[in-house]
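Each chain is listed here by its residues.
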Amino acid sequence: IVLRDGIIQAVGANVDAPAGARVWDLSGHTVYPGFIDAHADLDMDDVPEGGDVGPTHWNPQVRAWFSTTMNLTDDADRRAALRSQGFGTALVVPKQGIFRGQASVVDLGEGNVRDRVLRPDLVQSVGFQRSFELGGSYPNSPMGTVSLMEQTLMDTDWYMRAWDAYESSGRAFLPPETSAALGALEAAAQGEQPVVFEARTEEEYLRAHRIATEYGITPWFRGSGLEYRILDVLRGRTEPLIVPIGFPSAPDVTDPEAALNASLQELRHWYLAPTNPAQLADAGVAFAITTDGVASLNEFLPNVRTAVARGLSPADALAALTTTPAGWLGIDRT
């Protein structure tokens, strides 16, 4: 492997070292690509004391203005833990709220923040669970969450048209209100910036896909690990799908009473969850694998090996951690 100025120049068994190159002899070692986590949680978006300020949004769960680039104070220990599992790059996704803000692709090294941001504010992030830390009483149901999502997207459309009318009139009347949240959603509402939906159930995936289709959004999906239940829906779809690999523990069946409390649904998911990546690959669905959702990062690699043992080919596993997310994140030539 020949590297020059941090860029791989050549790979091959018969590649000669250029004159003057520094040579590392790695006999007895294995070289593999750095993994890419396409939905990483780096524990970096604590709610500010007293809440958000400025021209934000009437609902505190709408934080689309939040930028992981401008607020990149990610946890050094978390980065080190990801590197210990083989990861070199991640899409850092904010976690607070429903409209959570913009995710950025960052290098997981120890360099300066200015050097580690590879693709700033690449995608918007949306989830179906409200954050109680942000306050507010609405929404408090799945129906309310979907309503807030749709109302916010309709408000964004109004916001764009209102400001266009104001500017095209030569500013002949009072300007519309300023909303950092709605302004940050303009590119996403026009399909120019992808939106990654965190769907923790198959029902949330279906809701997110319907919203994206109805409002002309370019969707990505952070899946639930339950995709094996909706393979008939997923076949033929090409939107990026990022799947967790946190598998459930075996239900407690140590005595007859405990066994009676283990539902058939629990038993089926315990048995089938490790086959989820293999079933997706067999169905021709492209996917990436994320650490998001594992109880401990130390479980990640053992769970990948379990998925391989349960039918996922090593080549598909490696692609799900390297070339597939690299293409989606636009860093396949970096």
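Up top is the structure.
Residues numbered from 1 in each chain as written. Predicted model: local features only at pLDDT ≥ 70, side-chain atom pairs only at ≥ 80, totals over all residues. Heavy atoms only, no water.

**Student:** What's the story with the pattern of salt bridges in this structure? I'm lost.
**Tutor:** Close approach of charged atoms allows side chains with opposite charge to pair. In the structure shown here, the tally under the stated rule is 13 salt bridges. In this structure, glutamate 110 and arginine 83 form a salt bridge, with 2.9 Å as the shortest nitrogen-oxygen distance. With glutamate 110 in the loop between β5 (99-107) and α2 (113-116) and arginine 83 in helix α1 (residues 76-84), this pair connects stretches of sequence that are 27 residues apart. According to the relative accessible area criterion, glutamate 110 is exposed, its value standing at 53%. Residue class for arginine 83 comes out partly exposed when judged on its relative accessible area of 32%. Ionic contacts of the salt-bridge type, sharing partners, join the residues Lys95, Arg100, Glu198, Arg200, Arg222 and Asp292 into one network. (Salt bridge = Lys/Arg side-chain N within 4 Å of Asp/Glu carboxyl O. Helix = DSSP H or I, 4+ residues; strand = E, 2+ residues; numbered from the N terminus. Buried < 20%, exposed > 50% of the residue type's maximum accessible area, 1.4 Å probe, protein only.)

**Student:** What is the right way to look at helix α6 (residues 202-215) in this model?
**Tutor:** A turn of α-helix holds 3.6 residues, and therefore any two residues three or four places apart point the same way. The end-to-end C-alpha separation of α6 is 20 Å, in line with the 20 Å expected for 14 residues at 1.5 Å each. Buried positions along α6 lie against α3 (142-168), β7 (195-198), β8 (219-222) and α7 (231-234). Following α6 by one or two positions, glycine 216 adopts a phi angle in the positive range, close to 70°. (Expected span 1.5 Å × (residues − 1). Contact = heavy atoms within 4.5 Å.)

**Student:** Even after reading the chapter, I still don't get the nonpolar core, so can you show me in this structure?
**Tutor:** One broad trend across soluble globular proteins is that nonpolar side chains are buried collectively. If you look at the biggest cluster of nonpolar residues, it comprises 57 residues, and the most contacted ones within it are Phe99, Phe197, Ile245, Leu280 and Ile289. Core analysis: the next-biggest nonpolar cluster, separate from the first, contains 15 residues, Val105, Val196, Trp220 and Ala326 among them. (Core = buried A, V, L, I, M, F, W, Y, C linked by side-chain atoms within 4.5 Å.)

**Student:** In this structure, what is going on with unusual backbone geometry? I would like to understand it.
**Tutor:** For residues that are not glycine, phi is negative in most cases, and the peptide bond is trans in most cases. Following tyrosine 138, the chain continues to proline 139 via a peptide bond in cis, the omega torsion being 0°. Even without glycine at this site, aspartate 5 takes up a positive phi of about 55°. Residues other than glycine seldom take positive phi values, yet aspartate 121 does so here, at roughly 45°. Here aspartate 121 is to be found in strand β6 (residues 117-127).

**Student:** Which parts of the structure should I look at to understand the pairing of β5?
**Tutor:** Regular strands place side chains that alternate from one sheet face to the opposite one. Burial analysis of β5 places 8 of its 9 residues in the buried class, which makes it a mostly covered element. With 4 bridges joining them, strand β4 (residues 87-92) and β5 adopt antiparallel strand pairing. Residue pairing in the sheet places threonine 89 in a bridge with aspartate 107 of β5. The hairpin formed by β4 and β5 contains 6 residues between the paired strands, and glycine 97 there has a positive phi angle of roughly 95°. Across 6 bridges, the pairing between β5 and β6 is antiparallel. (Pairing = 2+ DSSP bridges.)

**Student:** How should the layout of surface pockets be read in this particular structure?
**Tutor:** Rolled over the atoms, a probe as big as a water molecule pinpoints where empty space is left. Considered as a void within the structure, the largest pocket measures approximately 1,600 Å³ in volume. Lining the largest pocket are 36 residues, and of these Ile1, Leu3, Gly6, Ile8 and Val31 sit closest to its centre. Partitioned by chemical class, the residues of the lining of the largest pocket number 21 nonpolar, 9 polar and 6 charged. (1 Å grid on protein atoms, 1.4 Å probe; cavity = no way out; pocket = protein on both sides within 12 Å on 5 of 7 lines; lining within 4 Å. Points joined across faces, edges and corners; volume = space filled by probe spheres on them. Nonpolar A, V, L, I, M, F, W, Y, C, P; charged D, E, K, R; others polar.)

**Student:** Help me out: how do you make sense of the packing of α3 against α6 in this one?
**Tutor:** Axes are the key here: two packed helices are described by the angle between their axes and the distance separating the axes. Look at α3 against α6: their axes get within 11 Å of each other, and the N-to-C directions meet at 20°. As judged from the angle between their axes, α3 and α6 are roughly parallel. Relative to α6, the crossing made by α3 is right-handed. From α3, Pro142, Val146, Met149, Glu150, Leu153 and Met154 reach across to α6, where they touch Arg207, Arg210, Ile211, Glu214 and Tyr215. Of the residues that constitute the contact of α3 with α6, the class distribution is 7 nonpolar, no polar and 4 charged. (Axes fitted to C-alpha atoms, helices over the stretch in contact; angles between N-to-C directions. Parallel < 35°, antiparallel > 145°, perpendicular 65-115°, else oblique. Left-handed = near helix turned anticlockwise from the far one by under 90°.)

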